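# Residue-level structure breakdown
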Amino acid sequence: MSINETLSVEEHELKSVRSESSRFAEQGLSEADLRARLASQRRGDMVWNDPHNLKAAYYAGDDVFRLARDTYSAFHGDNLLYGRALLSKPDGMSSEVVSMALELLGADVDATGTITSG
């Protein structure tokens, strides 16, 4: 198959994914309707914190979940790419997390890293 034939197949597949339902609506949903739609999309999924649900991360308990959720909520818009323009201490928590990750991974003492939400 030539590159042009491959592209036309991919374009066709992309067009078939797009539909009227994936276009921007003229009017948005109410919060209640949006939450109901999100809940309906989860129907049939395994419960994420079920111990039988094998995954890369494991549920550490309600207290840890609440702390993680609250921390994420407090910092979800921060991004180190903007540095001191938006953050008074742009590398504080990030440096701690990177250091802990490097230790967990057994990295050399001169190893470095960075975190970004982007």
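Cut-off values and rules
Residues numbered from 1 in each chain as written. Predicted model: local features only at pLDDT ≥ 70, side-chain atom pairs only at ≥ 80, totals over all residues. Heavy atoms only, no water. Helix = DSSP H or I, 4+ residues; strand = E, 2+ residues; numbered from the N terminus. Buried < 20%, exposed > 50% of the residue type's maximum accessible area, 1.4 Å probe, protein only. Contact = heavy atoms within 4.5 Å. Areas by Shrake-Rupley, 256 points an atom, 1.4 Å probe, with all protein chains shown as cover. Salt bridge = Lys/Arg side-chain N within 4 Å of Asp/Glu carboxyl O. Patch = residues over 30% accessible without salt bridge, like charges linked within 9 Å, V, L, I, M, F, W, Y side chains within 5 Å. Expected span 1.5 Å × (residues − 1). Phe/Tyr/Trp six-rings, centres within 6.5 Å; stacked < 30°, edge-to-face > 60°. pLDDT = per-residue confidence, 0-100.

What follows covers the overall build of the chain. Within the chain, the regular secondary structure consists of four helices and zero strands. Burial analysis of the chain (118 residues in total) assigns 7% to the buried set. A separation of at least 24 residues holds for 21% of the contacts in the chain among residues at least 6 apart in sequence. In the form shown here, the chain has an accessible surface area of approximately 10900 Å², with 57% of it arising from carbon and sulfur atoms.

We now examine the pattern of salt bridges. Taken as a whole and judged by the stated rule, the model has three salt bridges. With a closest N to O distance of 3.3 Å, Asp45 and Arg42 form a salt bridge.

There is a patch of nonpolar side chains on the surface, built from Phe75, Met93, Val97, Met100 and Ile115 and spanning about 440 Å² of accessible area. With three residues, helix 4 (residues 92-104) is the largest single contributor of residues to the nonpolar patch. Tracing the chain through its elements places Phe75 in helix 3 (residues 62-75).

Turning our attention to helix 2 (residues 31-42). Helix length check: helix 2 (twelve residues) gives 17 Å between terminal C-alpha atoms against 16 Å at 1.5 Å per residue, within 8%. Positive backbone phi, approximately 90°, marks Gly44, located one or two places after helix 2.

Here the focus is the packing of aromatic side chains. This model, assessed by the stated rule, comprises two aromatic pairs. Between the aromatic rings of Trp48 and Tyr59, the centroid separation amounts to 5.2 Å while the plane-to-plane angle is 85°, which identifies the pairing as edge-to-face. You can see Trp48 sitting in the loop between helix 2 and helix 3 and its partner Tyr59 sitting in the loop between helix 2 and helix 3, a full eleven residues away along the chain. Of the residues examined, Tyr59 reaches a relative accessible area of 28% and is grouped as partly exposed.

Any residue range with low pLDDT should be treated as having predicted coordinates unsuitable for detailed reading. The pLDDT averaged across the chain works out to 79; a share of 77% of its residues lies at or above 70. Mean pLDDT in the chain bottoms out at helix 1 (residues 3-17), which sits at 56, and peaks at helix 2, which reaches 94.

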